[in-house]
Amino acid sequence: MEIAMKTYQYITTSIDQRGVAQLVLNRPEVHNAFDDIMIGELIQALDSFAANDQVRVLLLRSNGKNFSAGADLGWMRSMAEKNYDDNLLDAGELAKLMQKLDNFPAPTIALVQGAAFGGAVGLVACCDIAIASDKASFCLSEVKIGLMPAVISPYVVRAIGERASRRYFLTAERFFAAEALHLGLLHKIVSDDELHGVSDAMVQTLLANSPAAVKAAKDLIFTVANQPTTQALIDETSRRIAAIRVSAEGQEGLSAFLQKRTPAWQLAPTTGEPAIVSPSKGQA
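No experiment lies behind these values; they were computed from the predicted model shown. (Residues numbered from 1 in each chain as written. Predicted model: local features only at pLDDT ≥ 70, side-chain atom pairs only at ≥ 80, totals over all residues. Heavy atoms only, no water.)

J.: Would you take a moment to explain the pairing of strand β7 (residues 129-133) for this structure?
T.: The two faces of the sheet receive side chains in turn, since in a regular strand these alternate between them. With 5 of 5 residues buried, β7 lies mostly within the body of the structure. Going residue by residue along β7, you find I129, I131 and S133 tucked away on one face and A130 and A132 tucked away on the opposite face as well. As judged from the 4 bridges shared by strand β5 (residues 108-112) and β7, these two strands associate in the parallel manner. Pairing of L111 across the sheet is with I131, part of β7. Alignment of β7 against strand β10 (residues 188-190), held across 3 bridges, turns out to be parallel. Counterpart to A132 in the pairing with β10 is I189. (Buried < 20%, exposed > 50% of the residue type's maximum accessible area, 1.4 Å probe, protein only. Helix = DSSP H or I, 4+ residues; strand = E, 2+ residues; numbered from the N terminus. Pairing = 2+ DSSP bridges.)

Next comes the structure, spelled out in structure tokens:
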């Protein structure tokens, strides 16, 4: 059962009893284009979910035909009329949104249908897992109107690499799901009809794992990515595995594995019966 949360103007949020939160872009009449209002609402919602220990997975999706057309035309027009300092503050809010999504403590899944243009590509790149319809399309369109994909660039370049960025940042070509999968922006493409079923299966896969270990593993990636293998890094990774082995969930997971039983985090809280998630291989 999903429970609706705070009412927003341009987004909707919910969380179900499993701890699966949903953050939904809800401006289908303008193809979910975002402006300063939507950006502020997304930041508020991410802060609220990040502070909620019950959240185990976050789904980012949108209502309507397209995931997001990127920046709202009216918003861009208003910013063009403002000075440098105003534009700097405005860009800082979009940068804050990308950083909060990228650093969200629980696993994040982007579900993409239709078009994802401009800043929307950044949203997809910031999510841990990205699944799209085979009809989805992407475009880093900023240079067409005399701009550049500056704020989203750290996340998009990390996702698709410098070589691909040197093409798509400069040409503003539209590319489709198969190419996005090849470049590493997406992890999986499916038909429109399969999109939500596949996302449900991915959620179940994540819920089968230790919540604390999943969050620690995500933080580990940020710590070791693109770092030289120094003695300091080796010591830090050793410290982290030692700490999680003696943690409550580490002890429970190891005990459950050795005793061939279901770990506590896979049990329904009221009945003690196994939850919907399936045991991993190596468990009875």
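J.: Help me out: how do you make sense of unusual backbone geometry in this one?
T.: Generally, phi is negative for residues other than glycine and the peptide bonds are trans, each holding for most cases. Unusually for a residue other than glycine, N32 sits at a positive phi of about 55°. Structurally, N32 is set in the loop between β3 (20-25) and α1 (36-50). Using a relative accessible area of 0% as the deciding quantity, one classes N32 as buried. Within the chain, N226 stands out as a residue other than glycine whose phi angle is a positive 60°. Examined against the element boundaries, N226 turns out to sit in the loop between α8 (211-224) and α9 (231-245).

J.: So what exactly am I meant to see when it comes to the nonpolar core here?
T.: The nonpolar side chains of a soluble globular protein tend to be buried with one another. Residues V112, F138 and L185 are the most contacted members of the largest nonpolar core, which totals 55 residues. A total of 7 residues in this core trace back to one element, the largest contributor, which is α1. Every residue in contact with V112, bar those within four places of it in the chain, is listed here: F67, V124, I131, A132, S133, A136, F138 and L195. If you look at the next biggest cluster of nonpolar residues, it comprises 13 residues, including V20, V57, L111 and V203. (Core = buried A, V, L, I, M, F, W, Y, C linked by side-chain atoms within 4.5 Å. Contact = heavy atoms within 4.5 Å.)

J.: Please explain empty space enclosed by the protein as it appears in this structure.
T.: Think of a ball as big as a water molecule: rolled over the atoms, this probe shows where empty space is left. Tallied over the full model, the rule gives 2 cavities of 30 Å³ or more. The calculated volume of the largest cavity comes to roughly 50 Å³. In terms of lining, the largest cavity is formed by R56, V57, P107, L206, L207, P211, V214 and K215. Taken together, the elements giving at least two residues each to the lining of the largest cavity come down to α7 (195-207) and α8. The element best represented in the lining of the largest cavity is α8, accounting for 3 residues. For the lining of the largest cavity, the residue count by class is 6 nonpolar, no polar and 2 charged. Taken as a whole, the second largest cavity encloses approximately 30 Å³ of empty space. (1 Å grid on protein atoms, 1.4 Å probe; cavity = no way out; pocket = protein on both sides within 12 Å on 5 of 7 lines; lining within 4 Å. Points joined across faces, edges and corners; volume = space filled by probe spheres on them. Nonpolar A, V, L, I, M, F, W, Y, C, P; charged D, E, K, R; others polar.)

J.: Looking at this structure, how should I read the layout of surface pockets?
T.: Here the largest pocket is characterised by a volume of approximately 860 Å³. Forming the boundary of the largest pocket are 29 residues, of which A71, W75, M76, E142 and L147 lie nearest the centre. Mapped onto the lining of the largest pocket, the elements with two or more residues apiece are α2 (73-80) and α3 (84-102). Considering each element in turn, the lining of the largest pocket owes the most residues, 5 residues, to α2.

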